[in-house]
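Spelled out from the first residue to the last, the chains are:
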Amino acid sequence: MNIEQLLSNPTEWIFNEGPNGKIVLSSRVRLARNLRNHPFPGWAKKAERQRALEAILPVVEALPEMKEHFASSMDNISAIDKQVLVERHLISREHAAKNVGSGLVINEKETISVMINEEDHLRMQAVKSGLQLKNVFKCIDKVDTELEEQLDFAFSPRMGFLTACPTNVGTGMRASAMLHLPALVLSDQINQVVQAVNKLGLAVRGLYGEGTEALGNVFQVSNQTTLGEREVDLVERLNKVILQIIEHEENARITLLEKKVNLVYDQVGRAYGVLTNSYTITSKEALNLLSMLRMGVDLELLPATTRGVVDELMVLAQPAHVQKAAERKLTAEERDCMRAELIRQRLSKISRPTMEQGPASKQDETETA
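All figures in this text were calculated on a predicted structure; none of them were measured in a lab.

A few words on the packing of aromatic side chains. All chains considered together, the criterion is met by 2 aromatic pairs. An angle of 75 degrees between the planes, with centres 6.5 Å apart, marks the rings of Phe 153 and Phe 161 as edge-to-face. Across the pair, exposure class does not vary: Phe 153 and Phe 161 are buried alike. Aromatic side chains Phe 155 and Phe 161 sit 5.0 Å apart centroid to centroid with 70 degrees between the ring planes, which places their arrangement in the edge-to-face category. Taken together, the ring pairs connect Phe 153, Phe 155 and Phe 161 into an aromatic cluster.

Okay, structure coming up:
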């Protein structure tokens, strides 16, 4: 399978709604592993990285989970395709900067990806739609076990798996869920929730992880500790916290409808109006407005079928995807125009939001009468 075939397929975890899918977009578990008696990638010379790549790549490709897959060294992937993979959360921004001596294997459904010679020799991840942390862990744990049978991992009986970054030593695991939290943002509760989650030893990051902005009101919540704890315990604790955040978001949506219904109508209505009438729009503005439409679907102000269109646009409206669709290099202005056209076309058959008059409006009518 080549890169064009891979990227032309619908991404399973993006376009399928999973458990708690109104709020949880996806669940992901990533494991970091290194080969014993090989310098870690950050310290290795080019020839040493190449030897590690040649040892790992065929083993990963032979996995039963990779029966249909795309595999390549990073120097054979174009810059724009690398960015598309970043936008689909299949590789890290750091791996996108790699070239000779680093590689990548992704299964056809894009639910399992393995980065070779990123910060560690192997960074393998599994991802599924909705809140499925336990299922995702079982999936990647099976892959890890199969690889360990053929590759000699760097492991300490006292410390656990040895990794390039000390914060990953132990299980080498990062479990995370991607959450859509527009009501907590609109009601100014998000900072309070983030602080509470941080106190529990978890991290809250933006759309693309550490150091990135929460575009489209999308936040990643993940574990921070990996040493001295079992993987199943980390997953269980994260799952419980995610369920609590879901409850807070649901309550915030109910409160907004009860006390600030006109704010909700205004946000959803403006989003629909701008997205269906714009002729130039930035990716940041597009994602933030699409977030409001998605909330409108969840609150039954728009048809349920709209969610699939919105979720697709939240991926296709990102810069590299727009550039990829154009099949030529675009200026920022051209991207903004093409993005606006794409959104107008996809939303052209979506009916306007159905709004009932809110309490404030009815009160105003009574006072006027």
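There's plenty left to go through after this.
Orientation of helix H6 (residues 133–148) relative to helix H9 (residues 231–259), taken along the N-to-C sense of each, is 155 degrees, at an axis distance of 9 Å. Put simply, H6 runs roughly antiparallel to H9. For the crossing formed where H6 meets H9, the hand is right-handed. Contacts from Leu 133, Lys 134 and Phe 137 of H6 reach H9 at Glu 231, Val 232, Val 235, Glu 236, Leu 238, Asn 239 and Ile 242.

Attention shifts here to the layout of surface pockets. Taken as a whole, the second largest pocket spans an internal volume of roughly 500 Å³. Taken together, 26 residues make up the lining of the second largest pocket; nearest its centre are Arg 88, Leu 316, His 321, Lys 324 and Ala 325. Breaking the lining of the second largest pocket down by element, the ones donating at least two residues are helix H1 (3–8), helix H4 (79–87), helix H12 (306–316), helix H13 (319–326) and helix H14 (332–347). The biggest single contributor to the lining of the second largest pocket is H14, with 6 residues. The residue inventory of the lining of the second largest pocket, partitioned by class, reads 10 nonpolar, 6 polar and 10 charged.

To continue, consider the pattern of salt bridges. By the definition in use, this model includes 21 salt bridges. We note a salt bridge from Asp 298 to Arg 253, for which the minimum N-O separation is 2.9 Å. Of the two residues, Asp 298 sits in helix H11 (residues 283–298) while Arg 253 sits in helix H9, which places them 45 residues apart along the sequence. The burial state of Asp 298 is the same as that of Arg 253; both residues are buried. Three or more residues joined by partner-sharing salt bridges are found here, namely Glu 118, Glu 119, Asp 120 and Arg 123.

If you check the backbone angles, Asp 188 has positive phi at about 60 degrees while not being a glycine. Tracing the chain through its elements places Asp 188 in the loop between helix H7 (182–186) and helix H8 (190–199). The backbone phi angle of Asn 217 is positive, close to 55 degrees, even though this residue is not glycine. Mapped onto the fold, Asn 217 is located in the loop between strand E9 (202–205) and strand E10 (218–223).

Our next topic: the sheet that holds strand E8 (residues 173–180). Read across the sheet, 8 strands follow the order E2-E3-E4-E5-E1-E8-E10-E9 without closing on themselves; strand pairing throughout is antiparallel. Each edge of the open sheet is held by one strand with a lone partner, namely strand E2 (69–73) and E9. Geometrically, the sheet is characterised by an average inter-axis angle of 15 degrees between neighbouring strands, direction not taken into account. Looking at chain direction, strand E4 (residues 112–116) and strand E5 (residues 122–129) are connected through 5 bridges and run antiparallel. Of the residues in E5, the one forming a bridge with Met 115 is Arg 123. Across the sheet, H6 is in contact with strand E1 (24–33), E4, E5 and E8; its angle to E5 comes to roughly 150 degrees. Together, E9 and E10 form the strand contacts of H8, whose direction differs from that of E9 by roughly 145 degrees.

A separate point is the nonpolar core. One finds Leu 122, Leu 147 and Ile 242 to be the most contacted residues of the largest nonpolar core, which totals 88 residues. In terms of residue count, H9 provides more of this core than any other element does, 9 residues in total. If we ignore the near neighbours within four places in the chain, the residues touching Leu 147 are Val 59, Val 60, Leu 63, Leu 122, Met 124 and Phe 153. Formed by 16 residues, the second largest nonpolar core is a distinct cluster that contains Leu 6, Phe 70, Met 74 and Ile 91.

The next thing to look at is the confidence of the model for the chain. On average, residues of the chain score 91 in pLDDT, and 95% of them are at 70 or above. Mean pLDDT across the elements of the chain ranges from a minimum in helix H15 (residues 359–368), with 38, to a maximum in E4, with 98. Long-range and interchain partners of residues 357–369, a stretch whose pLDDT sits below 50, account for 10 contacts in this model, where long-range means more than four residues apart.

Moving on: helix H10 (residues 261–277). Between its terminal C-alpha atoms H10 stretches 24 Å, which fits the 24 Å expected from 17 residues at 1.5 Å a residue. If you check which residues of H10 are buried, you get Val 261, Val 264, Tyr 265, Val 268, Ala 271, Tyr 272, Leu 275 and Thr 276. Taken around the axis of H10, the buried residues stretch over an arc of 135 degrees, which confines them to a single face. Exposed positions of H10 whose direction lies more than 90 degrees from the buried face are Arg 270 and Asn 277.

On to the packing of H12 against H14, then. Between H12 and H14, the shortest axis-to-axis distance is 11 Å and the interhelical angle comes to 170 degrees. Taken together, the axes of H12 and H14 lie roughly antiparallel to each other. Of the residues in H14, those in contact with Val 309, Glu 312, Leu 313 and Leu 316 of H12 are Leu 342, Ile 343, Arg 346 and Leu 347. Classifying every residue of the contact of H12 with H14 by side-chain character gives 6 nonpolar, no polar and 2 charged.

Let us now look at the environment of Arg 30. As for its placement among the helices and strands, Arg 30 is situated in strand E1. Judged by relative accessible area, Arg 30 falls into the buried class, the value being 12%. Along the chain, Arg 30 and Thr 111 lie 81 residues apart, while their C-alpha atoms are 12 Å from each other. When neighbours within four sequence positions are excluded, Arg 30 is seen to be in contact with Arg 123, Met 124, Gln 125, Asn 168, Gly 172, Met 173 and Arg 174.

What counts, and at which threshold
- Residues numbered from 1 in each chain as written.
- Predicted model: local features only at pLDDT ≥ 70, side-chain atom pairs only at ≥ 80, totals over all residues.
- Heavy atoms only, no water.
- Phe/Tyr/Trp six-rings, centres within 6.5 Å; stacked < 30°, edge-to-face > 60°.
- Buried < 20%, exposed > 50% of the residue type's maximum accessible area, 1.4 Å probe, protein only.
- Axes fitted to C-alpha atoms, helices over the stretch in contact; angles between N-to-C directions.
- Helix = DSSP H or I, 4+ residues; strand = E, 2+ residues; numbered from the N terminus.
- Parallel < 35°, antiparallel > 145°, perpendicular 65-115°, else oblique.
- Left-handed = near helix turned anticlockwise from the far one by under 90°.
- Contact = heavy atoms within 4.5 Å.
- 1 Å grid on protein atoms, 1.4 Å probe; cavity = no way out; pocket = protein on both sides within 12 Å on 5 of 7 lines; lining within 4 Å.
- Points joined across faces, edges and corners; volume = space filled by probe spheres on them.
- Nonpolar A, V, L, I, M, F, W, Y, C, P; charged D, E, K, R; others polar.
- Salt bridge = Lys/Arg side-chain N within 4 Å of Asp/Glu carboxyl O.
- Pairing = 2+ DSSP bridges.
- Core = buried A, V, L, I, M, F, W, Y, C linked by side-chain atoms within 4.5 Å.
- pLDDT = per-residue confidence, 0-100.
- Expected span 1.5 Å × (residues − 1).
- Arc of directions from axis to C-beta.

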